[in-house]
Amino acid sequence: GTERLVNFSAGPACVYEDVLVKAQEDLLNFEKNGLSVMEMSHRGKAFTRIIEEAEADLRELLGVPDEYSVLFMQGGATAQFAAVPYNLGWSDDVTDVGFRPRADYLTTGSWSKKALAEAKKVGVDANVVATGDNKSIPLDAAAWDVNADSGKKSKYFHVCANETIQGVELKGLSPRSVLDEAAGGIYQGVPLVADMSSNFCSKPVKVSDYGVIYAGAQKNVGPAGVTIVIVRKDLLGKVREGTPTMLDWTIMDENSSLYNTPPCFSIYMCGLVFKHLLSLGGLDKVEQINKAKCGLLYDTIKQSQGYYDCPVDPKVRSAMNVPFTIPENPDLEKVFLQEAEANGLINLKGHRSVGGMRASIYNAMPLEGVEKLVSFMKDFQAKH
Ligand code: PMP
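Bear in mind that the values here come from a model prediction, so they are computed numbers and not experimental data.

Secondary structure assignment for the protein yields 10 helices and 13 strands. Expected size for 384 residues packed as a compact globule is a radius of gyration near 21 Å; at 22 Å, the protein falls within 12% of this value. The dimensions of the protein, computed from C-alpha atoms along their principal axes, are 70 × 60 × 30 Å. Expressed as a percentage of its 384 residues, the buried residues of the protein come to 44%.

What follows is the structure, encoded as structure tokens:
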């Protein structure tokens, strides 16, 4: 094929074409340095500017307050599943050898369950307040199991802001306000930790609601290889003894993410994406575009009169990952995927754990890409 495909992959995902072109222009000789970014010293002048600008642009985009540190780390969001329990709440009140900090988890789908499993491995006393049914989000705090009798104050409360596989997204209501009201106030002051891997920079976020935000870059803001962590600085310095250096936010913070060789080229690419998002008009504008895209797709599913179905509660339908099925005739799903691919619409297969189809329509998926998909869906319905 000579033409670029419309890529609905859940990640690594499509990147803005303007950004790819800019990277191509820079590839052999970055700003007359005589080198590619991937060949440069991570401590040299050119790369220092790249990483500092990337951070400054991200701070501007998301409105990150000064009392937060921005870290560029490695190991994906999966490494952060472990970093979170390693870093939070260990040195406060360690009085006995067997001390285990308590943490709370709201499990809304596959990724929050993985985060929970990792916390248990690290040795945190993890309390699951509620488990979702993969279609909705149990935000009714009155029904939560808050384990109030444990006598332990929670060190953090973990949520997944967007479950990439189930297509379930925390929307509208800030989880911070839910926490502040919950269970007679036992979560007041408890840092909220959010895995934003699949909706990072897709809409404005009130960063001060969170103690920690983390996200792999490969969906909304760049290529795989770099993981962004935004952590409130007063939470640093409470790391578990024996924490591997590469998972230690305090060490990363002290070294401006340059303790060791960082994923230089990925950071550079993220920097280009941040500049692009700013040039579009910032995250308010980005959210507006994303709403138009997912609205078109969900409307098409609704208007198909049951031919297509999205199992997710409309209140929490993700703007990023849209799962759908052909409920009356599941055998047709294979045909759908084959014909879609023949039409240049690729990576629409649902995650192996849930089946069906899933269209991931992150920031860089243009509206025209979604228009092509819905036009294909209508033709397919008419034909089959
Ligand atoms: N959390 C979420 C919400 C994700 O979508 C993913 C990746 N699909 C992960 C965590 C794991 O990320 P990584 O592959 O970067 O470790």
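Our focus in this paragraph is the site of the ligand. What surrounds the ligand is the set Ala10, Gly11, Gly76, Ala77, Thr78, Trp111, Cys160, Thr164, Asp195, Ser197, Ser198 and Gly216. Counting residues per element, the shell around the ligand draws most heavily on helix H3 (residues 76-87), which supplies 3 residues. For the shell around the ligand, the class distribution of residues is 4 nonpolar, 7 polar and 1 charged.

Before going further, it helps to spend a moment on the domain arrangement of the protein. Domain assignment breaks the protein into domain 1 (26-278) and domain 2 (282-383). The straight-line distance from the C-alpha centre of domain 1 to that of domain 2 is 28 Å. The partner domain 2 presents 23 residues to the 24 residues of domain 1 that form the contact.

Attention now moves to the pairing of strand E4 (residues 125-131). Relative to E4, strand E3 (residues 102-107) runs parallel, the two being bridged by 6 bridges. Paired with arginine 102 across the strands is aspartate 125, a residue of E4. Between the parallel pair E3 and E4, the chain is carried across by helix H4 (residues 110-122), and the sense of this crossover is right-handed.

Reading across from one edge, E2-E10-E9-E8-E5-E3-E4 is the order of the 7 strands in this open sheet, with mixed pairing throughout. The open sheet has two free edges, formed respectively by strand E2 (68-73) and E4, since each of these has just one partner strand. Geometrically, the sheet is characterised by an average inter-axis angle of 15° between neighbouring strands, direction not taken into account. The strands touched by H4 within the sheet are E3, E4, strand E5 (154-160) and strand E8 (192-195), with E3 carrying the most contacts at an inclination of about 160°.

Given a rise of 1.5 Å per residue, 21 residues ought to cover 30 Å, and the 29 Å separating the end C-alpha atoms of helix H8 (residues 283-303) matches this to within 8%. Those residues of H8 not exposed but buried are Leu283, Val286, Asn290, Lys293, Cys294 and Leu297. One side of H8 holds all its buried residues, which, seen down the axis, span an arc of 95°. Among the exposed residues of H8, those pointing more than 90 degrees away from its buried face are Asp284, Ala292, Asp299 and Gln303. Summarising the contacts, the buried residues of H8 are in contact with helix H2 (45-62), helix H7 (264-280), strand E11 (321-324), strand E13 (357-360) and helix H10 (367-383). Looking one or two places after H8, you find glutamine 305, whose phi comes out positive at around 55°.

Another point: unusual backbone geometry. The omega torsion across glycine 11 and proline 12 is -5°, close enough to zero to call that bond cis. Its place among the elements puts proline 12 in the loop between strand E1 (6-7) and helix H1 (17-26). Positioned with a positive phi, alanine 183 is a non-glycine residue whose angle comes to about 45°. Of note, alanine 183 is situated in the loop between helix H5 (175-181) and E8.

Conventions used here
- Residues numbered from 1 in each chain as written.
- Predicted model: local features only at pLDDT ≥ 70, side-chain atom pairs only at ≥ 80, totals over all residues.
- Helix = DSSP H or I, 4+ residues; strand = E, 2+ residues; numbered from the N terminus.
- Rg over C-alpha atoms; globule rule 2.2 N^0.38 Å.
- Buried ≥ 20, exposed ≤ 12 C-beta atoms within 10 Å, placed from the backbone.
- Near = placed C-beta within 6 Å.
- Nonpolar A, V, L, I, M, F, W, Y, C, P; charged D, E, K, R; others polar.
- Domains from an automatic or database assignment.
- Contact = placed C-beta atoms within 7 Å.
- Pairing = 2+ DSSP bridges.
- Right-handed = clockwise from strand over helix to strand, strands pointing away.
- Axes fitted to C-alpha atoms, helices over the stretch in contact; angles between N-to-C directions.
- Expected span 1.5 Å × (residues − 1).
- Arc of directions from axis to C-beta.

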